[in-house]
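# Inside the fold
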Amino acid sequence: SKVSIEQKRLLTKLKQECATPLPLLQHVADTMSSEMRAGLSSVDGSGLPMIPTYVHTLPTGNEKGLFYALDLGGTNFRVLRVELGGKDDRVISTHFEQVSIPHDLMIATSEELFDFIALGLAKFVAKEDGKFHFPPGRKREIGFTFSFPVKQTSIDSGILIKWTKGFAVSGTVGRDVVVCLNEAMERQRLDMRVSALVNDTVGTLAGAEYYDNDVKVAVILGTGTNACYVEQISSIPKLQGHVSSSGKMIISTEWGAFSNGLPLTVFDREMDAASINPGQQIFEKTISGMYLGEIARRVLLNMAQEDDLFGSSVSQKLSTPFILGTPDLCAMHQDDSGDLQIVGSLLYDKAGVESNLTERKAVLEVCDTIVKRGGSLAGAGIVGILQKMEEDSKGDIFGKRSVVAIDGGLYENYPQYRTYLQDSVKELLGTEKSNNVVIEHSKDGSGIGGALLAASNSMYK
Ligand code: ADP
């Protein structure tokens with residue numbers, strides 16, 4: 001079998017529309033920089049959200065004692081205990097447990113959800129042996145990594161703006177989630193308090209910087225995406241009058257909301273229109289794990305409808321939104337067998353279609369096109385942040401070693417995505433500058449980061 005002229009035409013068109021030539025990447029990086037600036041000044045919603053996190057200092061390494069982290073970000077919550085030994089001993093030990101959240105609790109009341117979490121914490125603490133002793137009256141302190149949108153006004157408080165990711169718990173929106181958790185812990189007679197509320201990018205930055213002082217930016221590339229970095233208070237006009245002894249604050253860029261100059265196709269526009277948040281989070285919808293598989297499915301469905309890819313009838317499964325996940329794209333992308341066996345069986349299992357070798361090759365081209373665009377644009381976004389920091393500091397970023405710590409299931413598991421991201425950063429920066437920029441995978445840094453921030457914001461300091 002051979003590729004039909006029409007299939008070739010559709011593929012060529014897709015590749016053209018998704019192309020990320022250097023001038024386009026440079027435009028995205030430049031616009032990212034300028035929208036960061038706009039967001040730091042604006043209170044009227046222009047530019048990126050650039051959310052102040054009220055984290056003024058990163059952990060120094062001198063933190064000592066036992067601290068906890070609670071990570072609530074999706075269908076599981078994780079509890080972590082970290083024993084910190086200060087400058088020389090650093091992290092002495094860690095212990096963590098994961099608890100899955102029963103589905104009915106995701107649509108329960110706020111008290112029910114937080115009671116369940118507090119009970120999980122209580123069980124975790126109850127299992128500790130005598131080794132972990134706290135003086136009478138001293139509460140165990142927790143860093144609460146909470147990956148839902150909150151409006152923070154201090155390091156240890158934040159009002160829930162809305163639930164996302166399938167949570168529809170009643171009575172939490174508009175309330176301080178730290179108060180909700182502290183109250184539940186009191187109901188459990190648990191002697192713990194939240195001393196830092198952080199989002200997962202901030203946790204990742206703190207966790208990675210603890211081991212490597214050159215870490216300047218943290219990025220999450222998982223189901224969704226976000227990035228944060230350390231900003232000078234003097235460069236945050238919208239925080240005028242705010243005092244910080246360090247003169248700095250970590251800013252959560254919320255770069256998923258970026259949309260300027262992205263190379264989008266009709267498939268992106270249709271996916272966006274059908275989403276629960278049309279018109280929003282366009283950068284996130286182009287580069288993050290929740291969406292790459294769905295974009296590819298929409299392209300393949302179009303090729304099936306317009307040009308009989310996979311035969312003359314269009315499979316019902318292929319017409320079903322989100323039937324192809326980004327992990328499926330990734331699995332197909334790793335197939336190096338001569339007859340593309342894995343691609344064939346995955347297409348059969350997931351999309352309900354039989355395919356010949358030519359069709360499988362076309363499918364791989366589609367995957368590669370979508371993943372290349374995503375990884376390259378993520379790289380351009382990173383360069384945009386670095387560029388902005390360099391402009392303000394004159395040499396602090398490209399003149400010395402600068403590390404970007406990245407975590408998240410997409411970056412961790414998708415080698416081609418990683419490569420496209422790194423290639424884009426290199427292409428944009430050129431050899432000299434990019435030699436100073438190190439992109440590192442910081443696995444589960446946000447857990448330790450949360451505990452470290454609890455320590456550096458301890459009430460007992
Ligand atoms: P979250 O972002 O939901 O907190 P993760 O960082 O673990 O959690 O990211 C999970 C996401 O990573 C999934 O939604 C998926 O898009 C992506 N992912 C997971 N495994 C793979 C894989 N093998 N290949 C590509 N992407 C993956």
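Source: prediction; values computed, not measured. For every chain, the first residue of the written sequence is number 1, and numbering continues from 1 along that sequence. Reporting of local features is limited, given that this is a predicted model, to residues whose pLDDT is at least 70; pairs of side-chain atoms are given and counted only at 80 or more, and all residues count toward the totals for whole chains, interfaces and linings.

## Looking at the nonpolar core
Working definition: the nonpolar core is a set of buried Ala, Val, Leu, Ile, Met, Phe, Trp, Tyr and Cys residues, joined through C-beta atoms within 7 Å. Exposure criterion: with C-beta atoms placed from backbone coordinates, a residue whose C-beta has 20 or more other C-beta atoms within 10 Å is buried, one with 12 or fewer is exposed, and one in between is partly exposed. The biggest cluster of nonpolar side chains holds 131 residues, and the ones touching the most others in it are Leu181, Ala296, Leu300 and Ala451. Element by element, the count of residues in this core is highest for helix H12 (residues 357–393), at 14 residues. When residues are assigned to domains, this core turns out to be shared by domain 1 (1–53 + 212–444) and domain 2 (54–198), each giving three or more. Contacts here follow a simple rule: the backbone-placed C-beta atoms of the two residues must lie within 7 Å. When residues no more than four places from it in sequence are discounted, the contact partners of Leu181 are Phe114, Ile117, Ala118, Phe144 and Val194. Here a strand is any run of E in DSSP of at least two residues, a helix any run of H or I of at least four, and the numbering for each starts at the N terminus. All the domain ranges listed were derived from an automatic or database domain assignment.

## Comments concerning the packing of H12 against helix H14 (residues 415–434)
To define axes, lines are fitted to C-alpha atoms, for helices over the stretch in contact only, and angles between the resulting N-to-C directions are given on a 0 to 180 degree scale. Two numbers describe how H12 lies on H14: the axes approach to 7 Å, and their chain directions differ by 45°. Regarding the angle of H12 to H14, the classification is oblique. Here the hand of the crossing between H12 and H14 comes out right-handed. In contact with Val371, Lys372, Gly374, Gly375, Ser376, Ala378, Gly379, Ala380, Ile382 and Val383 of H12, H14 contributes Gln416, Tyr417, Tyr420, Leu421, Gln422, Ser424, Val425, Leu428 and Leu429. Here the angle decides the label: under 35 degrees means roughly parallel, over 145 means roughly antiparallel, 65 to 115 means roughly perpendicular, and every other value means oblique. Should the near helix be turned anticlockwise from the far one by less than a right angle, the crossing is left-handed, and should it be turned clockwise, the crossing is right-handed.

## Regarding the site of the ligand
Placing a C-beta atom from the backbone of each residue, we mark the residue near a molecule or strand if the atom is within 6 Å of it. Among the 15 residues in the neighbourhood of the ligand, the closest are listed as Gly222, Gly289, Cys330, Gly409 and Asn413. If you list the elements that add at least two residues to the shell around the ligand, you get helix H9 (289–307), helix H10 (326–333) and helix H13 (409–413). Here the shell around the ligand is built from residues that sort into 5 nonpolar, 10 polar and no charged. Three classes are used: nonpolar for Ala, Val, Leu, Ile, Met, Phe, Trp, Tyr, Cys and Pro, charged for Asp, Glu, Lys and Arg, and polar for all others, with Gly counted as polar.

## Section: unusual backbone geometry
Despite not being glycine, Met50 shows a phi value in the positive range, around 45°. Mapped onto the elements, Met50 comes out in the loop between helix H2 (22–41) and strand E1 (51–52). Here the phi dihedral of Gln281 falls at roughly 55°; this positive angle occurs in a residue that is not glycine. Inspection of the secondary structure assignment puts Gln281 in the loop between helix H7 (266–273) and helix H8 (282–287).

## Some remarks on the environment of Leu264
Counting through the fold element by element, Leu264 comes out in the loop between strand E11 (248–252) and H7. Considered as a pair, Leu264 and Arg373 are 109 residues apart in the sequence and their alpha carbons are 9.7 Å apart.

## With respect to H7
Restricting attention to buried positions, one finds in H7 the residues Phe267, Asp268 and Met271. In a view along the axis of H7, the buried residues occupy a sector of 100°, so they form one face of it. Facing away from the buried surface of H7 by more than 90 degrees, the exposed residues are Arg269 and Ala273. Elements in contact with the buried residues of H7: H8 and H9. To be clear, the arc concerns the directions from the helix axis to the C-beta atoms.

## Quick word on the UniProt feature "domain: Hexokinase N-terminal" (unreviewed entry) in the protein
Here the UniProt-annotated "domain: Hexokinase N-terminal" (unreviewed entry) positions come out as residues 12–210. Annotated as 35% helix and 27% strand, the span residues 12–210 places its first and last C-alpha atoms 46 Å apart. UniProt positions are given in the numbering used here, feature names are shortened, and annotations may be inferred rather than shown by experiment.

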